[in-house]
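So you can see what is in the structure, the chains are spelled out below.
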Amino acid sequence: MGANLHPDNDPSFTNLPGSTSITNAAAAATSLVTITVTDTDSYDVDTLDVTMTTNARYAFDTTTKILTTASSLTDVGSTVDRLVFQVVDQCDNTASATFTVTITNDVSEYQETAFMNPPVIQNLPASESLSEDVTAETLIFTVTATDSANDVTCSLAAGVPTTLPFLVKQIPSSTDYGIYSKSNPGFDYEATNSYTFNIDCSDGYSSDSEDFTVYLLKNAAPVFVNLQNSTSISTTDPVGTTAFTVLVTDAEGDDLTFTMSCSPSCAGQIQINTDLTGHTTVGYDLEITVSDSKNTVGPRLLTITLADINDPVILTNLPSTVTITENVAVGTSVFDVSYSDSDASQTRTFAITTGRITTSALIDYETIAATSFDLSVTVADPVTSDAAALTAGTVIGTPSFGLTDPDNGDSKTLLLDCGAQTGYFYMHPTTWEI
């Protein structure tokens, strides 16, 4: 196997030596030139590396091979900079060349003074706390920025997301700038509890930037002061009477919303909204919940009892049936109605005058229109009543007659003679009861 060896060639610059002119008003990152290189050996072209001797005023990107200004040149007077570049191939063959930059003074004395005296933010970095409840645009912090020669304006730094719930603007009737929360910022402590962002203050020539942090304060939940609890009301309390006042504290003074469920079912108010006369339910358990803009607390229990529920009056010996003998005297007691009622102080009324039922006329079995009467008896206290039936039937009584015999010891026999109707009746032989 044979090999033919050839000498390797040095790489070279295709646009160097070269030069350019700029003024000292040129901004940082101003592009000056793109360095281009080549190599006679085609296999070396893709391997060429270009570097620049370090100079603080300039930056050279070895990938793109672009030369730019590294920073502002305003503090540089008229001058000439000679920048040395070197190219090397994969066999370590090198070449060097120079690029000359001429800087001319194009900055006024006033501008130069401004550049030499940039604004300074005096009270940043800093932090403040803010409630997550805030919804109105709110001043959080006043930025103090000084400049010996120019007016200063402050804003959120470039690159701060526009969705950030904060803004920087001049405080009304003041030369100072303030950091504000936006209107309806949608703060949620659980999602994001702090924000850090950059503030930039500029005099038009130079600027100063510092960080500011906002820590959110979690909303404190409302606190029940007087629940769990119980109370009692009277059935005589009128509609509109306050049964109970729920006391709640809230650290932020938020608007509070109350909800209530009731067992047994009720109207959802802790104010009497219906007439309680005749009410028989002894009490209610109310579950009360309170909410502010962020938290819901509860339910807490409130028991309301009715202190003086009426005990219903009840007839205890009806329905019943009673027999009345004919010819009894007018006013004879026929039946005494009995009842129960724990409310001893109440007055009861009866539909038949009193609880005692008496005859009101002489009863003659042969002439009376009916021999059986169905009565409805009602007893009532001031709130409740009870009714039941009483059946009164009439029977023939023993005729009223007397028998005397002056002969003591004689036996006596009584005979019944009613003519054609004698067969309808029977007389007991010893008691003479008909």
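Quantities reported herein were computed from a predicted structural model and do not represent experimental measurements.

What counts, and at which threshold
- Residues numbered from 1 in each chain as written.
- Predicted model: local features only at pLDDT ≥ 70, side-chain atom pairs only at ≥ 80, totals over all residues.
- Heavy atoms only, no water.
- Pairing = 2+ DSSP bridges.
- Helix = DSSP H or I, 4+ residues; strand = E, 2+ residues; numbered from the N terminus.
- Axes fitted to C-alpha atoms, helices over the stretch in contact; angles between N-to-C directions.
- Core = buried A, V, L, I, M, F, W, Y, C linked by side-chain atoms within 4.5 Å.
- Buried < 20%, exposed > 50% of the residue type's maximum accessible area, 1.4 Å probe, protein only.
- Contact = heavy atoms within 4.5 Å.
- Lys, Arg positive; Asp, Glu negative; His and termini not counted.
- Salt bridge = Lys/Arg side-chain N within 4 Å of Asp/Glu carboxyl O.
- Polar contact = N/O pair within 3.5 Å; in protein donor to acceptor, adjacent residues only side chain to side chain.
- Phe/Tyr/Trp six-rings, centres within 6.5 Å; stacked < 30°, edge-to-face > 60°.
- Lys NZ or Arg CZ within 6 Å of the ring centre and 35° of its normal.
- Patch = residues over 30% accessible without salt bridge, like charges linked within 9 Å, V, L, I, M, F, W, Y side chains within 5 Å.
- Areas by Shrake-Rupley, 256 points an atom, 1.4 Å probe, with all protein chains shown as cover.

## Topic: the sheet that holds strand E7 (residues 66-69)
Stage number 1. What the 3 strands build is an open sheet, ordered E3-E7-E6; its pairing is antiparallel. Where the open sheet ends on each side, the last strands, each with one partner, are strand E3 (31-34) and strand E6 (58-61). Here the strands of the sheet are splayed against their neighbours by 20 degrees on average, with no regard to which way each runs.
Stage number 2. Taken together, the 4 bridges between E6 and E7 define a ladder with antiparallel strand orientation. Across the sheet, the residue bridging to Tyr 58 is Thr 69, located in E7.

## With respect to the nonpolar core
Stage number 1. Within the largest apolar cluster, 24 residues are counted, with the highest numbers of intra-cluster contacts made by Val 143, Phe 166, Ile 179, Phe 197, Ile 199 and Phe 212.
Stage number 2. The contact partners of Phe 212, leaving out residues within four places of it in the chain, are Leu 124, Ala 126, Ser 127, Glu 128, Ile 140, Phe 141, Ile 179, Tyr 195, Thr 196, Phe 197 and Ile 199.
Stage number 3. One finds Leu 16, Leu 32, Val 87 and Val 101 within the second-largest nonpolar core, a separate group that totals 22 residues.

## Some thoughts on the side chain of Asp 200
Stage number 1. Mapped onto the secondary structure, Asp 200 falls in strand E17 (residues 194-202).
Stage number 2. Lacking a salt bridge, the buried Asp 200 has Lys 182 as its closest oppositely charged neighbour, with an N-O distance of 17 Å.
Stage number 3. A polar contact is formed between the side chain of Asp 200 and the side chain of Ser 207, at a distance of 3.4 Å.
Stage number 4. Residues within four places of Asp 200 in sequence aside, it is in contact with Thr 153, Cys 154, Ser 155, Ala 157, Ser 207, Asp 208 and Ser 209.

## Thoughts on the sheet that holds strand E11 (residues 126-131)
Stage number 1. Spatial ordering of the open sheet is given by E11-E18-E17-E14, a layout of 4 strands whose pairing is mixed. The two strands at the open ends of the sheet, each matched to only one other strand, are E11 and strand E14 (153-156). Taken pair by pair, the neighbouring strands of this sheet meet at an average axis angle of 30 degrees, ignoring direction.
Stage number 2. Here E11 runs beside strand E18 (residues 207-217); their pairing, made up of 6 bridges, is parallel. From the neighbouring strand, Glu 128 faces E18, where its bridge partner is Val 214.

## Let's talk about the packing of aromatic side chains
Stage number 1. One pass over the structure, following the stated rule, counts 7 aromatic pairs.
Stage number 2. Considering the side-chain rings of Phe 187 and Tyr 195, the 6.0 Å spacing of their centres and the 55 degrees angle between planes classify their relative orientation as tilted. Each member of the pair, Phe 187 as well as Tyr 195, carries the same accessibility label: buried.
Stage number 3. Put simply, the rings of Phe 141, Phe 166, Phe 187, Tyr 195, Phe 197 and Phe 212 pair up and form one aromatic cluster.
Stage number 4. One Lys or Arg, Lys 169, reaches over the ring of Tyr 180 and ends 5.0 Å from the middle of that ring.

## Re the side chain of Asn 24
Stage number 1. Tracing the sequence through the fold places Asn 24 in the loop between strand E2 (18-23) and E3.
Stage number 2. Separated by 2.7 Å, the side chain of Asn 24 and the backbone oxygen of Val 76 make a polar contact.

## Quick look at a nonpolar patch on the surface
Stage number 1. Taken together, the side chains of Tyr 424, Phe 425 and Ile 434 make up a nonpolar region of the molecular surface, amounting to roughly 340 Å² of accessible area.
Stage number 2. Tracing the sequence through the fold places Ile 434 in the segment after strand E32 (385-395).
Stage number 3. A relative accessible area of 34% places Ile 434 in the partly exposed class.

## Some details on the pattern of salt bridges
Stage number 1. Under the defined criterion, the tally for this structure stands at 3 salt bridges.
Stage number 2. The closest approach of N and O atoms between Glu 137 and Lys 169, which form a salt bridge, is 2.6 Å. Residue Glu 137 is found in the loop between E11 and strand E12 (138-143), and its partner Lys 169 is found in strand E15 (residues 166-170); the two are separated by 32 residues along the sequence.
Stage number 3. Since its relative accessible area comes to 39%, Glu 137 is described here as partly exposed.
Stage number 4. A salt bridge links Glu 190 to Lys 218, with the nearest nitrogen and oxygen atoms 2.5 Å apart. Taken together, the residues span a long stretch of sequence, with Glu 190 in the loop between strand E16 (177-181) and E17 and Lys 218 in the loop between E18 and strand E19 (223-224) at a distance of 28 residues.
Stage number 5. Take Glu 190: its relative accessible area is 59%, and that puts it in the exposed class.

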